[in-house]
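Working through the structure, step by step
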Amino acid sequence: TGSLQAQTTIRVGAFPNITHAQPMIGKANGDFEKAMGPSVKIQWTSFNAGPSAIEALFAGAIDMTYIGPNPAITGYVRSGGGALRVVAGAASGGASLVVRNDSGIQKPEDFHGKKVASPQMGNTQDVALRAWLKAHGMKSMDKGGDVQVVPLANPDQLTLFLKKELDAAWAPEPWATRLIREGNGRLFLEERDLWPQGQFVTTHLIVSAKLLRDHPDLVKNWIRAHVELTDWINAHQPEAKRILNQQIQKETGKALPPAVLDEAFARLQVTYDPVRNSLLTSARSAYDAGFLGKQMPDLSKMYDLTLLNQILAEKGRKAVQ
Amino acid sequence: MTTNPISQPGFSEHRSPVRGSVTPHKSGLVPVRSNGNNGTAKLTLKNLSLTYKANGSSRLLALDGIDLKVKPGEFLCIVGPSGCGKSTLLHVIAGLQQPTAGHVLVDDNLMDGPGTDRILIFQELGLFPWLTVSENVEFGMKMKGIARAERQEKVQYYLRLVHLAQFKDSYIHQLSGGMRQRVALARALATEPDVLLMDEPFAALDAQTRDLLHDELERIWAETGRTIVFVTHNVREAVRLGDRVALFTFRPGRIKREYKVDLPRPRHLEDVTVAKSAREILDDLREEINKSLEAEYAGEVLKR
Amino acid sequence: MTTNPISQPGFSEHRSPVRGSVTPHKSGLVPVRSNGNNGTAKLTLKNLSLTYKANGSSRLLALDGIDLKVKPGEFLCIVGPSGCGKSTLLHVIAGLQQPTAGHVLVDDNLMDGPGTDRILIFQELGLFPWLTVSENVEFGMKMKGIARAERQEKVQYYLRLVHLAQFKDSYIHQLSGGMRQRVALARALATEPDVLLMDEPFAALDAQTRDLLHDELERIWAETGRTIVFVTHNVREAVRLGDRVALFTFRPGRIKREYKVDLPRPRHLEDVTVAKSAREILDDLREEINKSLEAEYAGEVLKR
Amino acid sequence: MKKFMRHAIFYSVLIGIWALLAKLKVWPPYVFPSPQGVVESLAAGFADHSFWIAIGVSMKRMLLGYSLSVLLGMVLGLGVASNKFLEETMGGLLVSLQSLPSICWLPLAVLWFGLTEKAILFVVVMGSLLSVTIAMETGRQQMPKIYGMAGRNLGARGFRLFWHVLLPASLPYIISGLKQGWAFAWRSLISGEMIFVSLGLGQLLMMGRDLNDMSQVIAVMILIIAIGYIVDGLVFRTIERRLQQKWGLAPAT
Amino acid sequence: MKKFMRHAIFYSVLIGIWALLAKLKVWPPYVFPSPQGVVESLAAGFADHSFWIAIGVSMKRMLLGYSLSVLLGMVLGLGVASNKFLEETMGGLLVSLQSLPSICWLPLAVLWFGLTEKAILFVVVMGSLLSVTIAMETGRQQMPKIYGMAGRNLGARGFRLFWHVLLPASLPYIISGLKQGWAFAWRSLISGEMIFVSLGLGQLLMMGRDLNDMSQVIAVMILIIAIGYIVDGLVFRTIERRLQQKWGLAPAT
Ligand SMILES: Nc1ncnc2c1ncn2[C@@H]1O[C@H](COP(=O)(O)OP(=O)(O)OP(=O)(O)O)[C@@H](O)[C@H]1O
Ligand SMILES: Nc1ncnc2c1ncn2[C@@H]1O[C@H](COP(=O)(O)OP(=O)(O)OP(=O)(O)O)[C@@H](O)[C@H]1O
Ligand SMILES: [Mg+2]
Ligand SMILES: [Mg+2]
């Protein structure tokens, strides 16, 4: 299939965001181009939000993308399992419950009657927040409890922190850090403390089912490069952070303040493990909270980690679940 | 000397069929009955009626059973009280308004819709404010597909005719009322239609300019054999210009009477014969208006 | 019998100071010089000039050094060739247009801007299409703050005066040209101003209706002592109505000559004396137009 | 009757094409849902009352916000029209301020009004306000001079001139502004309703998009279109028809 | 000169109030930046060329998309105007279709055009197209009857009637539509640029909001306003002035 590969272009999506370290750094350094060889052309597209990336994947405008768990689930469920597969992880951790310093919250019980924000109705943090409240015997107002859960865009959370109209927020990085640094906030808990081994998925790599079917070799090459890049990042954190920030600046015109970057990055873990169980657990909670329809969707076929595990085996590492 | 190509001996009066004499009436007017003859007509109006929706559910009968023939090359003047339906009639002939009943034949063919064979000078003029004077005059020719060079020659000719050559690049709002009226006149003449429908085209002109334009119009008419239907409220003007004058009743508009004008051309507005003929029509008109005023106020007389 | 409250013996002609005789001229006209007297004037125009921007950079001198006095209760008629600046002058007096030079005094006070003491009947009428006929007539009174009941009484009175009582609830577009003109007349009269500025208010009316309205206007004028400046292209009408007639030159508009009309009232349009006087003015007008036409075409004569 | 038939045919053909495209599976159903899918979404939405609630909530906001912006837009238009200074300074900014996307107003809305209805109203008003003002200004600029002259001649001044002459004379223009303002208001409302979970149609639309649920997106689109259609027929067409009758304007053919 | 002075005063006072509010720290500087902060953002943006690039990219899209939608909007307006069937069916939908937020078009844009410039153009065109059509339709409805009559009387028919009479006669209305269309186009562009990261001003604006960087948001707003101001002055005011001169229309005072 050499001649076929000669014309192959693969179109990849990613977000200019610190939870997308592999694609950003790989893009900056040309690592993927090197790994895929001259016969494959890589066409990068940066997205601002998950739904757009899923839309593009649905429309056949991209072949694979780095993306958060939520849009991946909706994309999988919406297409009846036909559109995409998760083939690797990219990042774990990086979400925290931040409380406003003068909100008077010291312990979980203090959340009674408070106003707590999540980024979006039904997304991972929203689900995590509701599950955590439930675990501590509280309910959100719409379920008849006394904690007001307000889904709210991250920037608005900061504004309302400053206006003292919001008491707490379950936020991903770098917003958790910014709420702490700029919004007079305090870290109440890190979500990773709630998970086994402190791992829960934040970003993973999905590919269209079609690409996986037609060009498993390409996907495999990509995953290999992805794994190697992950290792490199973990081994060269300071340089990785510098390149990451540069790339973010290049694409968005704005770099993160170094302090925010450092603090946020510290709460993240760059990994190739998709932490499948965390997603399934989270999906279960989401279903319990009524976000996934009348029937618990079957997510068992959402993962195809064969290629990843092959590569890990090549490298003599432990397979992931 | 008459430039009128058609010459028909006298006929009886239109509505009340009293026979007129064949020799010219002493005032120069001969009552005629236009429907009597069967020669080809340029325009034939058959039993035309038109009802307007007025306020609410009430209706206004503007034209009521108009029968009229206009012969090719005839100069027909229409006079009548204000609001009797003269403009409405011209709109119908131009094909811009649908009659409620009856129909219009042009050259014995059923007319449907407007055509460049019948050009109307609107009472409201209807000049295009987004065009200059010369572009306005050019408009009809452009629509007819006349070549640019010829168009411009004609624009110049007709603008001179109406004494507006100097204003060819002006926009309409820069003209006085009378100048606008002359632009509308030039625009219609320049289109050179078979039938010219003119709705009080000289109403806003000073006496002298009007006299000059009377002469020009008569000359063009005589030279080209055009058919002209000319609405005016100036009875003298009607006698000055027309082969025939039709007098409309007040409301609804009917043809009360027709007069053949048998005075030799060229005539002049101030001619004694013209004045005399006009006075005769004016008397009929006056009678018509008084009758209708009385009707309108149910016998109540306006205090004065 | 004259209803004219002001009666002044003859004066010399305006531009070429040839002394006229004190006794009435044989035609009933007396050339006058309006600037000569020093009594209080209702309107005083001092050296009024107005230049329009025409196309591009060219300019058009519409009014050129107009000096004119109108006495309280005087009926002044203005005649002149089409496009000579008559409407412009009325706009200036009404305060709707700023003269380039000179100024207007009303009752010896410098006029600035429009006021309900001077109501203009526009040549284009300027009726409000969003109002009914009676609301249009009511408008000026409403602005003056007249009580509703009185307003409605007057609306009815003036609509009857112009024979449009039946159309009080119609909208403007439902009226014929002549009817619209009468609405504008009623609107202006109903506002009952000191000074009425009328720009060809009867141009679209049939002869008989116009005659009736001449009578009405004359009656109102005599009864109320209103000052009227009346622009017309109908010289006979000017003589029929006016105490004085001012003849404008072609372009730029200057006062070529003024005539005092010394005929007894009531006059009639068809009176021989009126016709005779009119002919005299018409001769001057004709001369004026021919002169200007010649100038316009630089000696070239229109072929006819 | 015939008109109704023509309408029926038109919409049937449209839906037919759509159904055909969906049936042929030119695009996967999760990006290009079938009419049936959308009807199901609609039925489900109405059945669980969420659409009714959303329509009610959004319509209330629209009515309030739109009325407010028409009112304020007119006042502003009057200001700009009557004050030379305002005209010079504001006049040239109208179009550019109107072209600011609603996203610009979101932070200010949150800052000034917090998570309240007022914040949403603010976004709606800011989004459509100037649209009316632009139309008024154009109307005033393009109005035949004679009306103003006639009004002043008859003694109308200042506010009375505006109210009795300039406003009705420019009404034909204002109508267009009202229509455009309506469109702006809807779009802004949708943005405004994204500030926080606020039950409206904007929320439903965004949920549909966030969940990549095209059936829901199209269902909400249909609701918006239907509401617009009704309002257009009841309000704008009525004003237009009355105006045409009064002024004797008529669609040229 | 005096006009310039008045402008200078107006803007100085505006900026003065702003600076004062910022100085008084009525609101935290994160959400209510000072003029200096914004100027710094502007300077930085221009210094690292990101603003220049964004302006270039967005202006190109605007020019293309806007011209296209004006053109198509007019064609559609002609269609609706000249075809009774289209008028009945489409006419009533114009306002409602125009009120659909751009977000509705995003999925279709991606589906049909992929992640290309065309997708963004599509969103811009869909966002402003009908605005021009609405204005044309209003113009045609509200145009004095006499123009159409005079045109037909002089032999204009069909397309020629449209081009030589109906279009110029409704130009005063169309101007207002062009202005509103410009505003719609900008707003849609900002939405369109959210499909993917595409360097435009919309991107910068959204970045600013996503990072809660109000200085950047306001800097971009100022850019949008400035561009609108220039376009308004160069295009719309010029057309308006020419129209006023030709038609003898004048702002009433
Ligand atoms: N669009 C309309 N709607 C309702 N009635 C109308 C309309 N146009 C004209 N009319 C009525 O029809 C009658 C005839 O009008 P028309 O304009 O034909 O009169 P006219 O003879 O031309 O009068 P004039 O000499 O005053 O111009 C009038 O009474 C008028 O009120
Ligand atoms: N707005 C304008 N811009 C430029 N020129 C104008 C304008 N209005 C009028 N004029 C010119 O001023 C001159 C005088 O116009 P005006 O309307 O005062 O004439 P008039 O005496 O009333 O004529 P008519 O008897 O035809 O109504 C005309 O030559 C006309 O072309
Ligand atoms: Mg008429
Ligand atoms: Mg005049």
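Use the structure listed above.
Residues numbered from 1 in each chain as written. Chains lettered and ligands numbered in written order. Predicted model: local features only at pLDDT ≥ 70, side-chain atom pairs only at ≥ 80, totals over all residues. Heavy atoms only, no water.

Concerning the overall build of chain D
Summing up its helical and strand segments, chain D has twelve helices and zero strands in all. Walking chain D from its N terminus toward its C terminus, one meets helices and strands in the order α-α-α-α-α-α-α-α-α-α-α-α. Projecting the C-alpha coordinates of chain D onto the three principal axes gives extents of approximately 65 × 55 × 30 Å. Every one of the 253 residues in chain D was classed for burial, and the buried ones make up 63%. Counted over contacts in chain D with a minimum sequence separation of 6, partners at least 24 positions apart contribute 71%. Split by element, the accessible area of chain D, about 9600 Å² in all, is 74% carbon and sulfur. Each charge class in chain D was averaged separately, 21 positive and 11 negative side chains, and the resulting centres sit 13 Å apart. (Helix = DSSP H or I, 4+ residues; strand = E, 2+ residues; numbered from the N terminus. Buried < 20%, exposed > 50% of the residue type's maximum accessible area, 1.4 Å probe, protein only. Contact = heavy atoms within 4.5 Å. Areas by Shrake-Rupley, 256 points an atom, 1.4 Å probe, with all protein chains shown as cover. Lys, Arg positive; Asp, Glu negative; His and termini not counted. Charge placed at Lys NZ, Arg CZ, Asp CG, Glu CD.)

As for the overall build of chain A
Of the regular secondary structure elements, chain A holds 14 helices and eleven strands. Relative to the globule expectation of 20 Å for 321 residues, the C-alpha radius of gyration of chain A, 20 Å, shows essentially globular dimensions. For chain A, the spread of C-alpha atoms along the principal axes amounts to about 65 × 45 × 35 Å. By residue count, 63% of the 321 residues in chain A fall in the buried class. Of the contacts made within chain A by residues no fewer than 6 positions apart, 77% connect residues no fewer than 24 positions apart. About 12100 Å² of surface is accessible on chain A, with carbon and sulfur atoms providing 49% of the total. Distance between charge centroids for chain A: 2 Å, based on 36 positive and 31 negative side chains. (Rg over C-alpha atoms; globule rule 2.2 N^0.38 Å.)

A look at the arrangement of the chains
For this structure, the chain pair with the highest number of contacts among six pairs of chains in contact is chains D and E. Regarding chain A and chain C, which are not in contact, the minimum distance between any of their C-alpha atoms is 49 Å. Between chain B and chain D there is no contact, and the shortest C-alpha to C-alpha separation is 10 Å.

Description of the coordination of the magnesium ion (ligand 4)
Octahedral six-donor coordination of a metal ideally yields angles of 90 or 180 degrees, compared with 109.5 degrees for tetrahedral four-donor coordination. Residue and element names in this part refer to chain C. S87 (OG) and Q123 (OE1) make up the full set of protein donors to the magnesium ion (ligand 4), lying at 1.9 to 2.1 Å. Placement of the pair is S87 in helix α1 (residues 86–94) and Q123 in the loop between β7 (118–121) and α2 (133–144), with a sequence separation of 36 residues. Taking relative accessible area as the criterion, S87 reaches 19% and is therefore assigned buried. (Donors = N, O, S within 2.8 Å, 3.2 Å for Na, K, Ca; no water.)

Here's the deal with the interface of chain E and chain A
Across the boundary between the two partners, chain E contributes 25 residues, which contact 25 residues of chain A. For the chain E and chain A pair, buried surface summed over both sides reaches about 2100 Å², with 60% attributable to carbon and sulfur atoms. Remark: the boundary between chain E and chain A carries one salt bridge. Ranked by residue count, the leading element in the side of chain E that touches chain A is helix α11 (residues 201–210) of chain E, at six residues. Each residue belonging to the side of chain E that touches chain A can be placed in one class, and the counts come to 16 nonpolar, four polar and five charged. (Buried area = accessible area lost by both parts, 1.4 Å probe. Salt bridge = Lys/Arg side-chain N within 4 Å of Asp/Glu carboxyl O. Nonpolar A, V, L, I, M, F, W, Y, C, P; charged D, E, K, R; others polar.)

Quick word on the site of ligand 1
Close to ligand 1 lie 22 residues, the nearest being K86, S87 and T88 of chain B together with S176 and G178 of chain C. Mapping the residues adjacent to ligand 1 onto the chains of the assembly identifies chains B and C. In the model, an oxygen atom of ligand 1 is placed 2.7 Å from a nitrogen or oxygen of the Q174 of chain C main chain. In this structure, G177 of chain C approaches ligand 1 through a main-chain N or O atom, which is 3.4 Å from an oxygen atom. (Near = heavy atom within 4 Å. Polar contact = N/O pair within 3.5 Å; in protein donor to acceptor, adjacent residues only side chain to side chain.)

A word on the packing of helix α10 (residues 171–192) of chain D against helix α7 (residues 117–142) of chain E
Each packed pair of helices is defined by two parameters, the angle between the axes and the distance between the axes. Between α10 of chain D and α7 of chain E, the shortest axis-to-axis distance is 9 Å and the interhelical angle comes to 155°. The orientation of α10 of chain D with respect to α7 of chain E, classified from their angle, is roughly antiparallel. Helix-helix and strand crossings are classified by hand; for α10 of chain D and α7 of chain E the assignment is right-handed. Contact residues: α10 of chain D offers P172, I175, S176, K179, Q180 and R187 of chain D, while α7 of chain E offers M126, G127, S131, I134, A135, E137, T138 and Q142 of chain E. (Axes fitted to C-alpha atoms, helices over the stretch in contact; angles between N-to-C directions. Parallel < 35°, antiparallel > 145°, perpendicular 65-115°, else oblique. Left-handed = near helix turned anticlockwise from the far one by under 90°.)

Focus on the sheet that holds strand β11 (residues 268–270) of chain A
All names here are of chain A. Strand order across the open sheet formed by six strands is β2-β1-β3-β10-β4-β11, with mixed pairing between neighbours. Taken across any chain shown, the strands that pair with only one partner, and hence form the sheet edges, are β2 (40–46) and β11. Direction aside, neighbouring strands of the sheet carry axes that sit 25° apart on average. Across four bridges, strand β3 (residues 64–67) lies against strand β10 (residues 201–208) in antiparallel orientation. When the sheet's bridge partners are listed, M64 is paired in β10 with V207. (Pairing = 2+ DSSP bridges.)

Some points on the pairing of strand β1 (residues 8–14) of chain A
Residue and element names in this part refer to chain A. A large share of β1 lies buried, amounting to five of its seven residues. Pairing analysis gives two bridges linking β1 to β3, with the strands arranged parallel. The partner of V12 across the bridge, within β3, is M64.

Regarding the site of ligand 2
Around ligand 2, a shell composed of 22 residues is seen, among which S176 and G178 of chain B together with K86, S87 and T88 of chain C lie nearest. Near ligand 2, the surrounding residues are drawn from chains B and C. Contact distances for ligand 2 include 2.6 Å between an oxygen atom and a side-chain N or O atom of S176 of chain B. E200 of chain C places a polar side-chain atom, nitrogen or oxygen, 3.4 Å from an oxygen atom of ligand 2. For ligand 2, the accessible surface in isolation is 630 Å², of which the surrounding protein chains cover 93%. Secondary structure elements with two or more residues in the shell around ligand 2: α4 (177–191) of chain B together with β2 (43–53), β3 (59–70) and α1 of chain C.

Remarks on the interface of chain D and chain E
Across the boundary between the two partners, chain D contributes 81 residues, which contact 81 residues of chain E. Around 7600 Å² of area is buried between chain D and chain E when both sides are counted, 65% of it from carbon and sulfur atoms. The largest contributions to the chain D side of the interface with chain E come from Q142, Q180 and R187 of chain D, which together make up 10% of the buried area. For the pair chain D and chain E, the number of links is two salt bridges. Among the ionic pairs, R237 of chain E bridges to E137 of chain D, the shortest N-O distance being 3.6 Å. Summed over the shared surface of chain D and chain E, the result is eleven residue pairs in polar contact (both at pLDDT 80 or more). It is α10 of chain D that provides the largest number of residues to the side of chain D that touches chain E, a total of 14 residues. Of the residues in the side of chain D that touches chain E, the class split is 47 nonpolar, 21 polar and 13 charged.

A look at the relation of the copies chain D and chain E
When chain D is fitted onto chain E, the two copies agree to an RMSD of 0.2 Å after a turn of 180° and an axial shift of 0.0 Å. Classification of the inter-copy transformation places it as that of a two-fold axis. Take the interface residues of chain D: 99% of them recur as interface residues in chain E, which is what a same-surface contact looks like. (Least-squares fit on C-alpha atoms with pLDDT ≥ 70 in both.)

As for the packing of aromatic side chains
Residue and element names in this part refer to chain D. Counted according to the given criterion, the structure contains 55 aromatic pairs over all chains. Judged by centre distance (5.2 Å) and plane angle (90°), the ring pair of Y66 and W182 falls under edge-to-face. Here Y66, found in helix α3 (residues 50–82), pairs with W182, found in helix α10; they are 116 residues apart in sequence, far enough to count as distant. Accessibility expressed as a relative area gives 1% for W182, which makes it buried. When the ring of Y147 is compared with that of W247, the centres are 6.3 Å apart and the planes differ by 80°; the resulting orientation is edge-to-face. (Phe/Tyr/Trp six-rings, centres within 6.5 Å; stacked < 30°, edge-to-face > 60°.)

Structural notes on the side chain of D232 of chain D
Checked against the element boundaries, D232 of chain D lands in helix α12 (residues 214–247). Those residues within four positions of D232 of chain D in sequence are excluded, and the remaining contacts are K179 and R237 of chain D together with G91, G92 and V95 of chain E.

A word on the pattern of salt bridges
A pair can form between side chains of opposite charge whenever their charged atoms are brought close. With the rule as written, the count across this model stands at 82 salt bridges over all chains. One salt bridge in this structure joins D231 of chain A and R317 of chain A, with 2.4 Å as the shortest N-O distance. Separated by 86 residues along the polypeptide, D231 of chain A in helix α10 (residues 216–235) and R317 of chain A in the segment after α14 (306–314) bring together distant segments of the chain. The class for R317 of chain A is partly exposed, based on a relative accessible area of 33%. Of the charged contacts in the structure, one is a salt bridge between D262 of chain B and K260 of chain B, with a shortest N-O distance of 4.0 Å. On the accessibility criterion, K260 of chain B (8% relative accessible area) is buried. By sharing partners, the salt bridges in this structure join R236, E270 and R279 of chain B together with R236, E270 and R279 of chain C into a single network.

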